[in-house]
Amino acid sequence: VVLASLLASRRRHTLGGLALAAGCASKQFAWFYVPFFFLYVGGANESARPWHHIRRPLVSFLLGFGLLIAPWLIWDAGGFVSSAVGFQSGIINKGYPISGFGFSSLLLGLGMIRSNLDAFPFVAFQAASALPIAWLLLKHQMKHNTLPTALFGYAMLMADVGFFSRAFHDNHLGFVLSVLALAALSYADPRPS
């Protein structure tokens, strides 16, 4: 995410797309930066041809991501999806244990979930909360399309989704705070063309 942001701010959008692909292939939370990154690169304040700005970085992102996950999909696509998405999200039994200090721990403490290994549809709570927040953050970024605004939106969306996930630990909060610090220290110039 940091490298993708740095490259995009230096007009290296295609390499930024590759860097973001590497992040998304290795960490689920990087996916929440994708809309903010491409809105920044596309130039929301420019009425003429945003597709022109995002075409190459989008292709590099999709190709890079595809190449990075292809070996695991070829080897065992079902196992990959179950492990990378199902286990972490808790949509399968015996998934990642509920822990930390988020919404899941509250439900566990109140006895609404019997075991910290039980499956629970946290994704419904995440979607109900995150979709309106993402819409507001992206709408704000369309008016103020700067790198700090993109990073701020990413941090806020990631904090929301993290809070409603199976596990929200101090290191997750630390990462959110790190992204906020990066946003505060970034230049506020509009997206360079």
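On a predicted model such as this, the values are computed, not experimentally measured, just so you know. (Residues numbered from 1 in each chain as written. Predicted model: local features only at pLDDT ≥ 70, side-chain atom pairs only at ≥ 80, totals over all residues. Heavy atoms only, no water.)

Novice: I would appreciate a short explanation of the overall build of the chain in the present structure.
Specialist: Along its length, the chain carries eight helices and two strands. Across the chain, helices and strands are ordered from the amino to the carboxyl terminus as α-α-α-α-β-α-α-α-β-α. Partitioning the contacts of the chain with sequence separation of at least 6, the portion at a separation of at least 24 is 68%. Put simply, the chain shows about 10,700 Å² of open surface, and 69% of that area lies on carbon and sulfur atoms. (Helix = DSSP H or I, 4+ residues; strand = E, 2+ residues; numbered from the N terminus. Contact = heavy atoms within 4.5 Å. Areas by Shrake-Rupley, 256 points an atom, 1.4 Å probe, with all protein chains shown as cover.)

Novice: Looking at this model, I keep getting lost on the packing of aromatic side chains. Mind explaining?
Specialist: Under the counting rule described, the total for this entry stands at 15 aromatic pairs. With centroids separated by 5.1 Å and ring planes inclined at 85°, the aromatic side chains of Phe163 and Phe164 adopt a geometry described as edge-to-face. Within the aromatic cluster, the residues linked to one another by ring pairs are Phe101, Phe103, Phe120, Phe122, Phe125, Phe163, Phe164 and Phe168. (Phe/Tyr/Trp six-rings, centres within 6.5 Å; stacked < 30°, edge-to-face > 60°.)

Novice: What exactly am I supposed to notice about the environment of Phe101 here?
Specialist: Structurally, Phe101 is set in the loop between β1 (99–100) and α5 (103–109). Spatially, the C-alpha atom of Phe101 lies 7.6 Å from that of Ala167, the residues being 66 residues apart in sequence. In this structure, Phe101 is in contact with Phe163, Phe168, His169, Asp170 and Leu173, ignoring residues within four places of it in sequence.

Novice: Mind showing me how you'd approach the nonpolar core here?
Specialist: Generally speaking, a soluble globular protein has its nonpolar side chains buried in company with each other. Leu20, Tyr33 and Phe37 are the most contacted members of the largest nonpolar core, which totals 34 residues. When residues of this core are assigned to their parent elements, the largest contribution, nine residues, is made by helix α7 (residues 147–163). Setting aside residues no more than four positions away along its own chain, Leu20 makes contact with Ala4, Ala30, Tyr33, Val34, Phe37, Phe38 and Phe61. Within the second largest apolar cluster, seven residues are counted, among which are Ile98, Leu107, Ile113 and Phe120. (Core = buried A, V, L, I, M, F, W, Y, C linked by side-chain atoms within 4.5 Å. Buried < 20%, exposed > 50% of the residue type's maximum accessible area, 1.4 Å probe, protein only.)

Novice: What's the story with the pattern of salt bridges in this structure? I'm lost.
Specialist: When the charged atoms of two side chains with opposite charge come close together, those side chains can pair. If you walk through the whole model with that rule in mind, you get one salt bridge. Of the charged contacts, one joins Arg114 and Asp118 as a salt bridge, the two residues approaching to 3.9 Å between their closest N and O atoms. Residue classification places Arg114 among the exposed positions, given a relative accessible area of 76%. (Salt bridge = Lys/Arg side-chain N within 4 Å of Asp/Glu carboxyl O.)

Novice: Please explain the side chain of Ser186 as it appears in this structure.
Specialist: Summarising the element assignment, Ser186 is placed in the segment after α8 (170–185). Taking the relative accessible area as the measure of exposure, Ser186 reaches 17% and is therefore buried. Here Leu182 takes part through its backbone oxygen, which lies 2.6 Å from a polar atom of the side chain of Ser186. When near neighbours in sequence (up to four residues on either side) are disregarded, Ser186 contacts Leu147, Pro148 and Leu151. (Polar contact = N/O pair within 3.5 Å; in protein donor to acceptor, adjacent residues only side chain to side chain.)

Novice: Help me out: how do you make sense of unusual backbone geometry in this one?
Specialist: It is generally the case that most residues other than glycine have a negative phi and that most peptide bonds are trans. The backbone of Arg11 shows a phi angle near 65°, a positive value even though the residue is not glycine. Positionally, Arg11 belongs in the loop between α1 (2–9) and α2 (13–26). Exposure remark for Arg11: the relative accessible area of 54% places this residue in the exposed category.

Novice: What is the right way to read the confidence of the model for the chain from this model?
Specialist: The predicted coordinates of low-pLDDT regions are not to be read in fine detail. In this model, the chain carries an average pLDDT of 88, and 88% of its residues clear a pLDDT of 70 or more. Looking across the chain, the model is least confident in helix α4 (residues 50–89), with a mean pLDDT of 84, and most confident in α7, with 96. (pLDDT = per-residue confidence, 0-100.)

Novice: In this structure, what is going on with the packing of helix α6 (residues 122–143) against α7? I would like to understand it.
Specialist: To describe two helices that pack against each other, one gives the angle between their axes and the distance between the axes. Two elements in contact, α6 and α7, have axes separated by 9 Å at closest approach and are oriented at 170°. One element, α6, and the other, α7, form an angle in the roughly antiparallel class. Contacts from Gln126, Ser129, Ala130, Ile133, Ala134, Leu137, His140 and Gln141 of α6 reach α7 at Thr149, Ala150, Phe152, Gly153, Met156, Leu157, Asp160 and Val161. (Axes fitted to C-alpha atoms, helices over the stretch in contact; angles between N-to-C directions. Parallel < 35°, antiparallel > 145°, perpendicular 65-115°, else oblique.)

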